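# Secondary and tertiary structure notes
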Amino acid sequence: MIKVHSFPSRIILELTPLCNLSCFMCPRHYVKDTDGYMPEELFKKLVNEIALEKPDAVLLPFWRGESCLHSKFNQLLKYALEKGLKIHLSTNGHYIEECYSEIFYQCEFLTFSIHTPIGFENAKIIIKHKPDWCQTTFQISFVDSERTTQKYLKNCIEDSELCGFDSIRLYKEHTLGGEFGKTKQENLKERKFCPKLVHTFVVSSDGYFSRCNHIWETQKEYNLSEFSIKEVWCSKVMNEIRKKYPDNLCAPCDQWSGHTCGESWNRDGVQISHKIFS
């Protein structure tokens, strides 16, 4: 019997599905919802609920786009921080002005997803100027099929201090032709229940929800401007998804296996550890 959290411990609030880049392997090319910004009132409503229901939850204010494109990025994340929430953020590194870096240094975890030389150089600048009080865990990540990976990864992992980053990740492509589950991984182990349906909730910028961050099309049964996270999380719709797992949407997906998580190099003092995910 799968025990589902009474309230999600990881909540994704998409600030925008827009991105300033157009990476060839990104499934943004294949989805319809590629416009818009989460309204300030909706973001604050959901943050207030999280702070009340599960103050130790992790807030991930990104999904299909680059969150720094939101005109109120600074104000929204400051609001979440003032509510005491832990923020895990991903950015492509193209925005490091003071208003952004002020937030970066207050996140619990931040990963620079590197797809361009600009992003790589900016990530190093953020690390170089990290203030003494900063407790953020900084990660730099690459995708194994990209030219930036071939250009920068080797130097990063061969550096005795990982170029100042706490960890380095090398991800495998998550999709082929925009379809999750088409990465042709051989010898997947016996299927297990997807943990995303146990602990993670996803809200798009227009207030609709997805069962999982790997399914980029949203469901329209509920809009979070009218319903609470708890109502949707415990709804008949979500319970039916869990009950019928894997249904026609989940069945083709291979993300549950963890193989696309690739590899990691982590720095703990002077020690560097290497892990291969499966």
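Residues numbered from 1 in each chain as written. Predicted model: local features only at pLDDT ≥ 70, side-chain atom pairs only at ≥ 80, totals over all residues. Heavy atoms only, no water.

### What to know about the overall build of the protein chain
- A tally of regular secondary structure across the protein chain gives eight helices and 12 strands.
- Relative to the compact-globule value of 19 Å for 278 residues, the protein chain shows a C-alpha radius of gyration of 18 Å, a close match.
- Overall, the protein chain is about 50 × 45 × 35 Å in size when its C-alpha atoms are taken along their principal axes.
- Counting every position in the protein chain, which comprises 278 residues, the buried fraction comes to 53%.
- Long-range pairs, those at least 24 residues apart, make up 71% of the contacts in the protein chain with a sequence separation of at least 6.
- As displayed, the protein chain has an accessible area near 13,800 Å², and 50% of this comes from carbon and sulfur atoms.
- Of the side-chain charges in the protein chain, 35 are positive and 36 negative, and the distance between the mean point of each set is 4 Å. (Helix = DSSP H or I, 4+ residues; strand = E, 2+ residues; numbered from the N terminus. Rg over C-alpha atoms; globule rule 2.2 N^0.38 Å. Buried < 20%, exposed > 50% of the residue type's maximum accessible area, 1.4 Å probe, protein only. Contact = heavy atoms within 4.5 Å. Areas by Shrake-Rupley, 256 points an atom, 1.4 Å probe, with all protein chains shown as cover. Lys, Arg positive; Asp, Glu negative; His and termini not counted. Charge placed at Lys NZ, Arg CZ, Asp CG, Glu CD.)

### Comments concerning the packing of aromatic side chains
- As enumerated under the stated definition, the model contains 11 aromatic pairs in all.
- An aromatic cluster of at least three residues, connected via ring pairs, comprises F201, F209, Y222, F227 and W233.
- The residue whose ring lies beneath K220 is Y208, and the NZ or CZ to ring-centre distance is 4.3 Å.
- The residue whose ring lies beneath R242 is W233, and the NZ or CZ to ring-centre distance is 4.4 Å. (Phe/Tyr/Trp six-rings, centres within 6.5 Å; stacked < 30°, edge-to-face > 60°. Lys NZ or Arg CZ within 6 Å of the ring centre and 35° of its normal.)

Keep in mind these values describe shape, not function.
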